[in-house]
Amino acid sequence: MQDLKKKILIVDDEESVHYAFQRTLGRDYKFISAMSGAEALTKFQENEPHLVILDLKLPDLPGLEVLKEIKQLDPHIPVIVITAFADTETAIQAMKEGAFDYICKPFDLSFIKKVINKDLVYKDEEQPGHGESFNTKDKIVGRSKAILEISKLI
Amino acid sequence: MQLLRAEKFSALGQFAAGLAHEIKNPLTTIKMLIQNYLEEGNPLEKKDLEIIEKELNRIDKLVKDFLRFARVDKGVKEQFDLKEALTEIIDLIKPELERAKISLKLNFPEKGIWIYGDKDGLKQVFLNLILNAYQAIDSNSKGVITITLFQEKEEVHAIIEDNGVGIPTEHIPKIFDPFFTTKSEGTGMGLAIVKSIIKDHMGQIDISSQINKGTKVKIYPTY
């Protein structure tokens, strides 16, 4: 039987974070794990996930660089940036590069679930046609309080 | 003086930010697993609890390492025999080296070397450096750790060498930075602690390394 679960690529160098996602949300989604930026880019192309959860601190490449490359491969892919080191400048940069949401670790399970659902619904319903261009503000679709604050700054 | 204090506070702020960052990662896992039980009603399995315990131990180690690094409890300086202090550390770690089939070569002077310093702090320095040497050695290779201690005029030299994997050149400038690590289980505080303690003794550290040949760390604790 075909697996109908939506695929989520998790990019984080913490093994335990992969375990926690799999354990808490593994029933609803199919998780693909990448421990580094290079692995993320390879697995992104191999698996064509519906959503990416990306930590900004990676052992090989800057997370923002990975975000940029993923967005070049698929401009419409929802990317949720997660970070343990929250600063406004990076958040703005992440949103400019097309992140859908920017979430600080440690987050609530109910919150990340809501954000994942919202971004997947957005991808299903609002997928624009090819060749359409966005401006930075259009790309910000996150609705968390932090995102709304950041969107005012851009 | 004011500038120095400002720099010190700014550095402390950076370290505190680094510590917060390192702690938030294990907290994420712990929080997700516990909320999965409390809010979703999914029972915690043995593996969940093992991971929670591992992550709590990691936070505990980070905080302890950070306090050692920040030198909140600066050791009392006293006259002591550095050869004896180093021997105590070697005795502690020897069984582990034997288990890993790593040979230990000691080039020690016959007499003791008496210095004025923080004995516990310098023992911590030796422990961290020997552990690094041990961890740099591939389990399949014929590992050798050589420790040399000597005194030249008024200067004391301690050299710890290994024939392990070596340190990539691009990592050398960062290895003393707090939280810099290439080990999956490391907190990245070991060499930062070494630097902090040696600095307290107005001493110096030199590192040279070659990939797949090994690493040599020389320290010159104050005389």
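Residues numbered from 1 in each chain as written. Chains lettered and ligands numbered in written order. Predicted model: local features only at pLDDT ≥ 70, side-chain atom pairs only at ≥ 80, totals over all residues. Heavy atoms only, no water.

Trainee: How do you make sense of the packing of aromatic side chains when you look at a structure like this?
Mentor: A ring pair, where both rings are aromatic, is described by two values, the distance of the centres and the angle of the planes. Residue and element names in this part refer to chain A. In total, this model carries four aromatic pairs over all chains according to the counting rule given. Look at tyrosine 29 and phenylalanine 31: their rings are 6.3 Å apart centre to centre, the planes differ by 70 degrees, and that puts the pair in the edge-to-face class. Like tyrosine 29, the residue phenylalanine 31 is buried in the burial classification. One aromatic cluster is present, formed by Phe21, Tyr29, Phe31 and Phe107 through successive ring pairs. (Phe/Tyr/Trp six-rings, centres within 6.5 Å; stacked < 30°, edge-to-face > 60°. Buried < 20%, exposed > 50% of the residue type's maximum accessible area, 1.4 Å probe, protein only.)

Trainee: Just to check I follow, could you spell out the sheet that holds strand β2 (residues 103-107) of chain B for this structure?
Mentor: One key point about sheets: their strands pair by backbone hydrogen bonds, in either a parallel or an antiparallel sense. Residue and element names in this part refer to chain B. Spatial strand order, β2-β4-β5-β7-β6: five strands in an open sheet with mixed pairing. Two strands in the sheet have a free side with no partner beyond their single neighbour: β2 and β6 (204-210). Sheet twist, expressed as the average angle between the axes of neighbouring strands with direction ignored, equals 10 degrees. Relative to strand β4 (residues 144-152), β2 runs parallel, the two sharing five bridges. (Pairing = 2+ DSSP bridges. Helix = DSSP H or I, 4+ residues; strand = E, 2+ residues; numbered from the N terminus. Axes fitted to C-alpha atoms, helices over the stretch in contact; angles between N-to-C directions.)

Trainee: What is the right way to read the sheet that holds strand β4 (residues 79-83) of chain A from this model?
Mentor: All names here are of chain A. Sheet architecture is open: five strands sit in the order β2-β1-β3-β4-β5, paired in parallel fashion. Single-partner strands in this sheet number two, and they are β2 (29-34) and β5 (101-104). Adjacent strand axes in the sheet meet at a mean angle of 20 degrees when their direction is disregarded. Here four bridges tie strand β1 (residues 6-11) to strand β3 (residues 51-55), and the two strands are oriented parallel to one another. Across the sheet, valine 11 pairs through a bridge with leucine 54, a residue of β3. Sheet strands touched by helix α2 (residues 37-47): β1, β2 and β3. Its angle to β2, the strand with the most contacts, is close to 145 degrees. (Contact = heavy atoms within 4.5 Å.)

Trainee: Sorry if this is basic, but what is going on with the environment of isoleucine 70 of chain A here?
Mentor: Residues and elements named next belong to chain A. With respect to the helices and strands, the residue isoleucine 70 is situated in helix α3 (residues 63-73). Taking C-alpha positions, isoleucine 70 is 9.0 Å from glutamine 45, a pair spaced 25 residues apart along the chain. When sequence neighbours within four positions are dropped, the list of residues in contact with isoleucine 70 reads Leu41, Phe44, Val52, Ile77 and Val79.

Trainee: Is there a simple way to explain a nonpolar patch on the surface in this structure?
Mentor: A cluster of nonpolar side chains, namely Ile34, Tyr37 and Leu38 of chain B, defines an oily patch on the protein surface of about 300 Å² accessible area. When you line up the elements, tyrosine 37 of chain B lands in helix α1 (residues 2-38). (Patch = residues over 30% accessible without salt bridge, like charges linked within 9 Å, V, L, I, M, F, W, Y side chains within 5 Å. Areas by Shrake-Rupley, 256 points an atom, 1.4 Å probe, with all protein chains shown as cover. Salt bridge = Lys/Arg side-chain N within 4 Å of Asp/Glu carboxyl O.)

Trainee: Help me understand the interface of chain A and chain B in this model?
Mentor: Across the boundary between the two partners, chain A contributes 20 residues, which contact 23 residues of chain B. In this assembly, chain A packs against chain B so that about 2100 Å² is buried in total across both faces, 55% of it on carbon and sulfur atoms. When the buried surface of chain A facing chain B is broken down by residue, Tyr19, Arg23 and Pro106 of chain A rank first, second and third, together holding 27% of it. Scanning the region where chain A abuts chain B turns up six salt bridges. Aspartate 108 of chain A is the salt-bridge partner of lysine 31 of chain B, the closest N and O atoms lying 3.2 Å from each other. (Buried area = accessible area lost by both parts, 1.4 Å probe.)

Trainee: Is there a simple way to think about the pattern of salt bridges in this case?
Mentor: Note on pairing: side chains with opposite charge can pair once their charged atoms come close. Evaluated as defined, the whole model comprises 17 salt bridges over all chains. Measuring nitrogen to oxygen at the nearest pair gives 2.8 Å for the salt bridge that ties aspartate 12 of chain A to lysine 105 of chain A. Here the residue aspartate 12 of chain A occupies a position in the loop between β1 and α1 (15-25), and lysine 105 of chain A occupies one in the loop between β5 and α5 (109-126), the gap between them amounting to 93 residues. Residues glutamate 55 of chain B and arginine 58 of chain B are paired through a salt bridge, measuring 3.3 Å at the closest nitrogen-oxygen approach. Placement of both glutamate 55 of chain B and arginine 58 of chain B in helix α2 (residues 46-70) is noted, with a separation of three residues, approximately one turn of the helix. Here the salt bridges do not stand alone but share partners, grouping Asp12, Asp55 and Lys105 of chain A into one network.

Trainee: How do you make sense of the nonpolar core when you look at a structure like this?
Mentor: By size, the foremost hydrophobic cluster in this structure holds 69 residues, and its most contacted members are Phe21, Ile53 and Ile116 of chain A together with Ile145 of chain B. Discounting residues that sit within four places of it in the chain, phenylalanine 21 of chain A has contacts with Ile10, Gly26, Phe31, Ile53, Phe107 and Ile112 of chain A together with Met32 of chain B. The next biggest cluster of nonpolar side chains, apart from the first, holds 22 residues, and it includes Ala34, Leu67, Ile70 and Tyr102 of chain A. (Core = buried A, V, L, I, M, F, W, Y, C linked by side-chain atoms within 4.5 Å.)

Trainee: Sorry if this is basic, but what is going on with the pairing of strand β7 (residues 214-220) of chain B here?
Mentor: Residues and elements named next belong to chain B. For β7, the buried fraction is high: five of the seven residues fall into the buried class. One ladder, built from five bridges, connects strand β5 (residues 155-162) with β7; its direction is antiparallel. Considered in β7, the bridge of alanine 158 is made with isoleucine 219. The pairing of β6 with β7 spans seven bridges and is antiparallel. In the sheet register, glutamine 204 faces β7, and the bridge partner there is tyrosine 220. Linking β6 to β7, which pair antiparallel, is a turn of three residues; within it asparagine 212 sits at a positive phi near 60 degrees.

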